[in-house]
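Now for the letters of each chain:
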Amino acid sequence: MKESNRFLKVTVFILTATLLVVGSTGLYIWNALNIEQAQMLEAIATKHSFALVAITITLMAVIGLGIDSIYTNYIYPLKKISSEALTIYSTNPSHRLKISGSKEISTLTEIINDFAEIFENLSKDITEQILSARKETEKERNLLAAIMAELPQGVIICNRSGGILLFNSRAKRLFSHSTYPSRADHFIGLGRSIFHLIDKELVAHAIEEIEERLNNNKESLASYFITPIYTGRLLSIETIPVLDQEKVMTGFILTFKDISDQVNQYENIDNTLLSFKQNMVSHFDQTKLFVKDLIEMPSSQKASHKVFRKKMLECYKQIENQLNDTSSSILDATITKVPLTKLLLSEFLIDIQKRAGEQNGIKINIKNEEPSKRMLADSYSLSVAFIFLIINLSEITNDKEYDLMVSFNNGQILFDIKWHSIPASQDQIENIFTKKIRSQPSFGYVLKQNRSEFDIISKDPQTCFQVRITAEAELQTDFKTKKRGAVIAESRPEFYDFDLFKVDDATKDIFNTDLRKIIFTVFDTETTGLDPDGGDEVISIAAVRIVNNRIVYQDIFEELVDPKRDIPIESYKIHGINYEMVKGKPDIETILPLFKIYTYDTVLLGHNIAFDMKMLKVKEESTNTAFSNLVLDTLLLSAAVYPINAHHDMESIAKRLGVNIIGRHTALGDAIATAEIFLKLVPFLNSNGIFTLKDALEASKKTYYSRLKY
């Protein structure tokens, strides 16, 4: 039974009760009559039966008309007044009541409209004052946004659980494929997780380092690491903590620098020098043969060549020294662009020992350690390289225990790894050098990146029991003396709204979460027709996100889809998309998996979304893409808060709530309009006791329109 029929139910109940009372009273009187009185009444009823029936029907008609008049002129108008008056002061001050009824109702409507006029003018004045007060702040925000956009580094700010709060355009470009610059397959956006873009272990390791430095009250808190990303770039990433007033870490800032070209340049230089050196060695060998021939000449001819031979040897010696010096200089100039930091050697060794034992059950015996010594490296990648080496040695030798001897020589740290069971061949160990590490480049490349070298210590190439990694103990660069402090949250509160710092995604109960705090993907589709099971296809899909009760207009998904069939003229007249516009576009098998990534960990929202979900459902098998997201429908929500209104199509709701639809019957236009309608509906939902997602789902199920199926 609809909400508007409750009055009818009450009326029927009252009439039934009245009839029962009248009938019971009549029966009581009849039983009290004597035989003569009863016979007299029967005679009167028989004689005037037609008149009695007519009187009864007339009386019922009068009562019915009276009840209908009361409902039409008083009850229904009052219900509509209470519903539409809420619209005026909650979402749309321009809305006016147009309700017919009794004189009293008309007077009340005029009074409410007069107050609405006053309220609208006051709202405009207050809005103008607020805009005026924010004018200077907006200038500063725009200036800050412009500065951030032009920073030479990409910047992403995250809360403690990795949710993205802010990012600049350079960061977005770094994570966008050059082939499709307008489409980020991994999607960088507000409220999304940074761990979809960067390996979670890398960030977790950086945070552990920062927390350790915080606990030790160290001045320099930033942590650095290097990682390749899915676009093929190699990034140098600095992690800076964001602290609250109690110095507790509430989030972190990541700054990104693309070092792909620098490292490629280094590899090219290194390869060129290696080739040049090999050529020079060959030339030296030829020269040595020439010198040998000179030595073996008869003594009578040697005198003329002695001076030449001496000068030639000196020249080649100078060339060789110069080549080595140049190679070292180029290597230093290139490698110092990679951010290596000073690490406490003892902590580095303990970390390797602990991780090898916990992850792979390998025991490492550390010997000759000097606790006060420091080394220069990227702690994460070098420790991963050490573990990678030992695991591969274990697979070759079947040994689970290794000795790690640490010694020092001319500013270098020598790590000698020894074992005592099955020997390894030199070829087996050299194969490790070129192997790829899971989230890093090859083992050898990681060592180069950390300015380290790898050697096999063995006289016999078939029986190797020792390898050595040589790392730098220190490196004189400006970079390592550069210190970065922490950013204190709320130090510039007028610039940012960091509400997302307070969101803890790890412990959030989505069903009992406030609707204002849920991240929604609001989407719409345009299709070739209205029969999903009959072969109609999606030709356009678009979406926008709601984060922290705000529409993120910059984070949109909009794609035309090739349906690989014709588009009927009836459908074209609605959405304006013809086959020429979609021909050659990606098909649904390509687009739907991308859209699933876009919607990850969000609640889906749409208007009459049952139809759109059916269009996705029929493509589950062909695209191997299923959507398990929770779903809300603005049509059902409108019916829940406006039961007195008969119309809940998008245009009627938008008009009632003061939403201006731009681009009706385009997927993106309808998605944005639906998002704006939902935000306008939230206050009405709250006033009806609907605060959480669970409340909204339960209220939707109770509406008449929830029976719609596709």
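Residues numbered from 1 in each chain as written. Predicted model: local features only at pLDDT ≥ 70, side-chain atom pairs only at ≥ 80, totals over all residues. Heavy atoms only, no water.

Asker: Even after reading the chapter, I still don't get the overall build of the protein chain, so can you show me in this structure?
Answerer: Helix and strand counts for the protein chain stand at 21 helices and 18 strands. For the protein chain, the proportion of contacts with a sequence separation of at least 24, taken over those separated by at least 6, is 68%. Roughly 39,100 Å² of accessible area belongs to the protein chain as shown, and the carbon and sulfur atoms make up 55% of that amount. (Helix = DSSP H or I, 4+ residues; strand = E, 2+ residues; numbered from the N terminus. Contact = heavy atoms within 4.5 Å. Areas by Shrake-Rupley, 256 points an atom, 1.4 Å probe, with all protein chains shown as cover.)

Asker: Got a minute to help me understand the pairing of strand β9 (residues 401-409) in this structure?
Answerer: The two faces of a sheet get side chains in turn, since along a regular strand they alternate between them. With five bridges joining them, strand β7 (residues 363-367) and β9 adopt parallel strand pairing. Bridging from a neighbouring strand, I366 pairs with L404 of β9. Note: β9 against strand β10 (residues 412-418), seven bridges, orientation antiparallel. Across the sheet, residue S407 finds its bridge partner in β10, namely L414. (Pairing = 2+ DSSP bridges.)

Asker: Could you clarify how one ought to interpret the sheet that holds β9 in this entry?
Answerer: Pairing between sheet strands relies on hydrogen bonds along the backbone, with the strands arranged either parallel or antiparallel. Spatially, β7-β9-β10-β12-β11 is the arrangement adopted by the five strands of the open sheet, whose pairing is mixed. One side of each edge strand has no neighbouring strand; the edge strands of this open sheet are β7 and β11 (453-456). Neighbour to neighbour, the strand axes of the sheet diverge by 20° on average, direction disregarded. In terms of strand pairing, β10 meets strand β12 (residues 466-472) through seven bridges, oriented antiparallel. (Axes fitted to C-alpha atoms, helices over the stretch in contact; angles between N-to-C directions.)

Asker: It is not clear to me how the packing of helix α18 (residues 634-641) against helix α20 (residues 667-687) should be interpreted in this structure. Could you clarify?
Answerer: To characterise two packed helices, one gives the angle between the axes of the helices and the distance between these axes. Where α18 meets α20, the closest approach of the two axes is 10 Å, and the angle between their N-to-C directions is 30°. What the angle tells us is that α18 and α20 run roughly parallel. α18 and α20 meet at a crossing whose hand is left-handed. On the side of α18, the interface is formed by T634, L637, S638 and V641, while α20 contributes T674, I677, F678, L681, F684 and L685. Within the contact of α18 with α20, the residues separate by chemical class into seven nonpolar, three polar and no charged. (Parallel < 35°, antiparallel > 145°, perpendicular 65-115°, else oblique. Left-handed = near helix turned anticlockwise from the far one by under 90°. Nonpolar A, V, L, I, M, F, W, Y, C, P; charged D, E, K, R; others polar.)

Asker: Explain the nonpolar core to me, please; I cannot follow it from the model alone.
Answerer: Considering soluble globular proteins, one finds that nonpolar side chains tend to be buried as a cluster. Core analysis: the biggest nonpolar cluster contains 66 residues, and I156, I198, M375, F415 and F443 have the highest contact counts within it. The element that contributes the greatest number of residues to this core is helix α10 (residues 379-397), accounting for 10 residues. If we ignore the near neighbours within four places in the chain, the residues touching I198 are F175, V203, F225, T227, I237, L254 and F256. Among the nonpolar cores identified, the runner-up in size contains 32 residues, and F520, V522, L637 and F684 belong to it. (Core = buried A, V, L, I, M, F, W, Y, C linked by side-chain atoms within 4.5 Å. Buried < 20%, exposed > 50% of the residue type's maximum accessible area, 1.4 Å probe, protein only.)

Asker: Could you clarify how one ought to interpret helix α19 (residues 650-657) in this entry?
Answerer: An α-helix turns once per 3.6 residues; consequently, residues spaced three or four apart project the same way. Along α19, the positions that sit buried rather than exposed are M650, I653, A654, R656 and L657. Buried residues of α19, seen end-on, are gathered within an arc of 165° and therefore sit on one face of the element. (Arc of directions from axis to C-beta.)

Asker: Is there a simple way to think about the sheet that holds strand β18 (residues 631-633) in this case?
Answerer: Judged by pairing direction, the sheet is mixed, and its five strands sit side by side in the order β16-β15-β14-β17-β18 without closing on themselves. At either margin of the open sheet sits one strand with a lone partner, and together these are β16 (550-560) and β18. When strand polarity is set aside, the average angle formed by the axes of neighbouring strands in this sheet is 25°.

Asker: Teacher, can you tell me more about the side chain of E209 here?
Answerer: For E209, the position within the fold is in helix α6 (residues 200-215). By relative accessible area, which is 14% here, E209 ends up buried. For E209, the residues in contact, after removing those within four places along its chain, are S223 and S379.

Asker: When you look at the side chain of N686 in this model, what are you seeing that I'm missing?
Answerer: Within the secondary structure, N686 is located in helix α20. Among the residues examined, N686 registers a relative accessible area of 15% and is labelled buried. Ignoring any residue separated from it by four or fewer positions in sequence, one finds N686 in contact with R516 and F691.

Asker: Explain a nonpolar patch on the surface to me, please; I cannot follow it from the model alone.
Answerer: On the surface, a nonpolar cluster with roughly 580 Å² of combined accessible area is contributed by I111, F115, I118, L122, I126 and I130. I118 sits in the partly exposed class, given a relative accessible area of 48%. (Patch = residues over 30% accessible without salt bridge, like charges linked within 9 Å, V, L, I, M, F, W, Y side chains within 5 Å. Salt bridge = Lys/Arg side-chain N within 4 Å of Asp/Glu carboxyl O.)

Asker: So what exactly am I meant to see when it comes to the packing of aromatic side chains here?
Answerer: By convention here, two paired aromatic rings are described through the distance between centres and the angle between planes. With the rule as written, the count across this model stands at 19 aromatic pairs. Ring geometry for Y402 against W419: centres 6.1 Å apart, planes inclined by 65°, an arrangement best described as edge-to-face. Of the two residues, Y402 sits in strand β9 while W419 sits in the loop between β10 and α11 (426-434), which places them 17 residues apart along the sequence. The pair formed by Y402 and W419 is uniform in burial state, with each residue classed as buried. In textbook terms, an aromatic cluster arises when at least three aromatic residues are bridged by ring pairs, as seen for F187, F523, F557, F595, Y598 and F627. Directly above the aromatic system of F195 lies the positively charged group of K200, at a separation of 5.2 Å from the ring centroid. Here the basic side chain of R656 rests over the ring of Y642, its NZ or CZ set 4.4 Å away from the ring centre. (Phe/Tyr/Trp six-rings, centres within 6.5 Å; stacked < 30°, edge-to-face > 60°. Lys NZ or Arg CZ within 6 Å of the ring centre and 35° of its normal.)

Asker: Just checking my understanding: could you explain the pairing of strand β14 (residues 520-527) for this structure?
Answerer: Burial analysis of β14 places eight of its eight residues in the buried class, the great majority of the element. Bridging between β14 and strand β15 (residues 538-547) involves eight bridges; their strand directions are antiparallel. Bridging across to β15, T525 finds its partner in I541. Relative to strand β17 (residues 603-606), β14 is paired through three bridges, and the arrangement is parallel.

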